[in-house]
Amino acid sequence: MTDDTGAADDTDAAAQWIDARTTFQRVYDTVLGATDHVPAGTVAERAQCSETAAREALTQLVEMGVAERRDGRPATYRRNDSYLTWKRVERLATETDVETLRSKLASLTETDREFQDRFDAPEPDAVTQSSLPVDDHEAVEERWTALSEWRTVRRDVRVLRRAVDRARRSPDEASA
Amino acid sequence: MTDRDEPETATGPLDEPTLRLLGTRAVENRLVVCQTFEPDAITPRRLRLGLDAEQYPAAVAEATLDVRWFESGDYSFHYRECRDAADDCQCRWDRHPKPSSPRAHFHPPPTAGAAESSPVAATHPLAVLFAVLDWIADRVGTLHER
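Enquirer: Could you give an account of the overall build of chain B, with specific residues and numbers?
Expert: For chain B, the helix and strand inventory stands at 2 helices and 7 strands. Sequence-ordered secondary structure for chain B, helices as α and strands as β, is α-β-β-β-β-β-β-β-α. Since a compact globule built from 146 residues should have a radius of gyration of about 15 Å, the 15 Å found for chain B is in line with a globular shape. When its C-alpha atoms are laid out on the principal axes, chain B stretches across 45 × 35 × 25 Å. At a minimum sequence separation of 6, the contacts of chain B that also span at least 24 residues come to 40%. Of the roughly 6200 Å² of accessible surface on chain B, a fraction of 50% belongs to carbon and sulfur atoms. Here chain B carries 16 positive and 24 negative side-chain charges, and the mean point of each set is 2 Å from the other.

Enquirer: Any chance you could break down the sheet that holds strand S1 (residues 38-39) of chain A for me, citing the residues and the numbers?
Expert: Two strands in a sheet stick together by hydrogen bonds in their backbones, pointing the same way (parallel) or opposite ways (antiparallel). Residue and element names in this part refer to chain A. Strand order in the open sheet formed by 3 strands is S1-S3-S2, and the pairing between neighbours is antiparallel. Two strands in the sheet have a free side with no partner beyond their single neighbour: S1 and strand S2 (67-70). Where S1 meets strand S3 (residues 76-79), 2 bridges bridge the pair, whose relative direction is antiparallel. Following the sheet pairing, Pro39 is matched in S3 by Thr76.

Enquirer: Could you give an account of helix H2 (residues 125-145) of chain B, naming the residues involved and the relevant values?
Expert: In an α-helix, one full turn covers 3.6 residues, which means residues spaced three or four apart are oriented alike. The end-to-end C-alpha separation of H2(B) is 31 Å, in line with the 30 Å expected for 21 residues at 1.5 Å each. Those residues of H2(B) that sit buried are B:Pro125, B:Leu126, B:Val128, B:Leu129, B:Phe130, B:Val132, B:Leu133, B:Ile136, B:Arg139, B:Val140 and B:Leu143.

Enquirer: Tell me about the interface of chain B and chain A, and name the residues and values.
Expert: Of the residues lining the interface, 38 residues belong to chain B; the matching set on chain A comes to 43 residues. Buried area between chain B and chain A, both sides added, is near 3400 Å², and the carbon and sulfur share of it is 52%. Per-residue buried area on chain B facing chain A is highest for B:Arg30, B:Ile42 and B:Arg45; these three make up 19% of the total on that side. For the pair chain B and chain A, the interface holds 9 salt bridges. Between B:Glu16 and A:Arg91 there is a salt bridge, and its shortest N-O distance comes to 3.5 Å. Run the count over chain B and chain A and you get 17 residue pairs in polar contact (both at pLDDT 80 or more). Looking at the side of chain B that touches chain A, the elements that each hand over two or more residues are helix H1 (16-26) and H2 of chain B. In terms of residue count, H1(B) provides more of the side of chain B that touches chain A than any other element does, 6 residues in total. Classifying every residue of the side of chain B that touches chain A gives 15 nonpolar, 10 polar and 13 charged.

Enquirer: Account for the packing of helix H3 (residues 40-47) of chain A against helix H4 (residues 51-64) of chain A, with residues named and values stated.
Expert: Residues and elements named next belong to chain A. Closest axis-to-axis distance for the H3/H4 pair is 8 Å, and the angle between their directions is 105 degrees. When the axis of H3 is compared with that of H4, the two are roughly perpendicular. In this structure, H3 uses Ala40, Gly41, Val43 and Ala44 to contact H4, whose residues at the interface are Glu51, Ala54, Arg55 and Leu58. Partitioned by chemical class, the residues of the contact of H3 with H4 number 5 nonpolar, 1 polar and 2 charged.

Enquirer: Could you give me a rundown of the environment of B:Val140, with the residues and numbers involved?
Expert: Residues and elements named next belong to chain B. Tracing the sequence through the fold places Val140 in helix H2. Between the alpha carbons of Val140 and Thr123 there is a distance of 25 Å; along the sequence they are 17 residues apart. For Val140, the contacting residues outside a window of four places in its chain are Leu31, Gln55 and Tyr56.

Enquirer: Which residues make up the pattern of salt bridges, and what values go with them?
Expert: Inspection of the entire model under this criterion finds 33 salt bridges over all chains. With a closest N to O distance of 2.5 Å, B:Glu71 and A:Arg155 form a salt bridge. Taken as a pair, B:Glu71 in the loop between strand S3 (60-69) and strand S4 (75-83) and A:Arg155 in helix H7 (residues 137-169) lie in two separate chains rather than in one. A single salt-bridge network, built from bridges that share partners, covers A:Arg88, A:Arg91, A:Glu149, A:Asp156, B:Glu16, B:Arg20 and B:Arg45.

Enquirer: Give a detailed account of the packing of helix H1 (residues 13-20) of chain A against helix H2 (residues 23-32) of chain A, specifying residues and quantitative values.
Expert: All names here are of chain A. Two elements in contact, H1 and H2, have axes separated by 8 Å at closest approach and are oriented at 125 degrees. Taken together, H1 and H2 sit at an angle that is classed as oblique. Here Trp17, Ile18 and Ala20 of H1 come into contact with H2, specifically with Gln25, Arg26, Asp29 and Thr30. When grouped by side-chain class, the residues that make up the contact of H1 with H2 number 3 nonpolar, 2 polar and 2 charged.

Enquirer: Summarise unusual backbone geometry; cite the residues concerned and give the values.
Expert: Negative phi is the rule for most residues except glycine; trans is the rule for most peptide bonds. Residue A:Pro74 is bonded to the preceding A:Arg73 through a cis peptide linkage, with omega at 0 degrees. Turning to its location among the elements, A:Pro74 is positioned in the loop between S2 and S3. The omega torsion of the bond from B:Pro109 to B:Pro110 falls at 5 degrees, within 30 degrees of zero and hence cis. The residue B:Pro110 is located in the loop between strand S6 (104-107) and strand S7 (116-117) in this model. Although it is not a glycine, A:Gln48 sits at a positive phi angle of roughly 55 degrees. Locating A:Gln48 in the fold gives a position in the loop between H3 and H4. Backbone geometry places B:Ala112, a non-glycine residue, at a positive phi of 55 degrees.

Rules used throughout
Residues numbered from 1 in each chain as written. Chains lettered and ligands numbered in written order. Predicted model: local features only at pLDDT ≥ 70, side-chain atom pairs only at ≥ 80, totals over all residues. Heavy atoms only, no water. Helix = DSSP H or I, 4+ residues; strand = E, 2+ residues; numbered from the N terminus. Rg over C-alpha atoms; globule rule 2.2 N^0.38 Å. Contact = heavy atoms within 4.5 Å. Areas by Shrake-Rupley, 256 points an atom, 1.4 Å probe, with all protein chains shown as cover. Lys, Arg positive; Asp, Glu negative; His and termini not counted. Charge placed at Lys NZ, Arg CZ, Asp CG, Glu CD. Pairing = 2+ DSSP bridges. Expected span 1.5 Å × (residues − 1). Buried < 20%, exposed > 50% of the residue type's maximum accessible area, 1.4 Å probe, protein only. Buried area = accessible area lost by both parts, 1.4 Å probe. Salt bridge = Lys/Arg side-chain N within 4 Å of Asp/Glu carboxyl O. Polar contact = N/O pair within 3.5 Å; in protein donor to acceptor, adjacent residues only side chain to side chain. Nonpolar A, V, L, I, M, F, W, Y, C, P; charged D, E, K, R; others polar. Axes fitted to C-alpha atoms, helices over the stretch in contact; angles between N-to-C directions. Parallel < 35°, antiparallel > 145°, perpendicular 65-115°, else oblique.

Fair warning: the whole summary comes from geometry, so function is off the table for now.
Printed below as a string of structure tokens:
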């Protein structure tokens, strides 16, 4: 057995992940993908560790601001979206020059306007399902895809506005 | 996991943190050699994973896996093998509202044809990624046996 060169060739992707990451790191990975509140037991199952270990890691991740906890029986956890958005804003403001951010923002704002015209609605959630064609499956799917893209555009507009503000406030930190 | 299968749930915006998670964890897998955000990292729309062509038979020039993940738990994993001397082979694991199919479905190779029931039951992004990578690893094995 020559295990020191890494996992054997037949190990599956999950086994490779378990080999490569510590228990804490696996709980971190698991919680980053948790958009819904889940109990520590579910996190433990997904992270392939004991519930005690999962709870300890989760407590630490809550303190770090990565995860949020909701009291209950049992308590539940999910990722902290405001922390992740903040991180994305920081990354954009420090790694991209403000002119690039501004021109991206302008083109996204234009795309948002085009969607508003196309759907005759101020925002994607204001588009009523009843206005969808019922008999043409491809058309329905295409519209659903477009609405998802519109939601992504609006999210990006909010994030980029914050990134531009952030880059403007501290120009020395936020150089390209 | 709560039930994400309510028929009226629309597909949310792209889930940027999850795409980052999938990219960084995927490159640790022995099949994956690189990750890039397309069209760019400022406003990503998909994660492209480059697969190790060396592990494929010589006929396959390039293999990629394009990943999209949405806040509603919807996703698309699009696998492609490019060949110099023959048609490309592709398939897709999707989860999104579809009028004529279950929310999670599979477009089988070689052309990512009409949707059939999905072999992937997992809902967590890493579990779905791992299931897809395992399928690709099996596929590479099968290609060598041919």
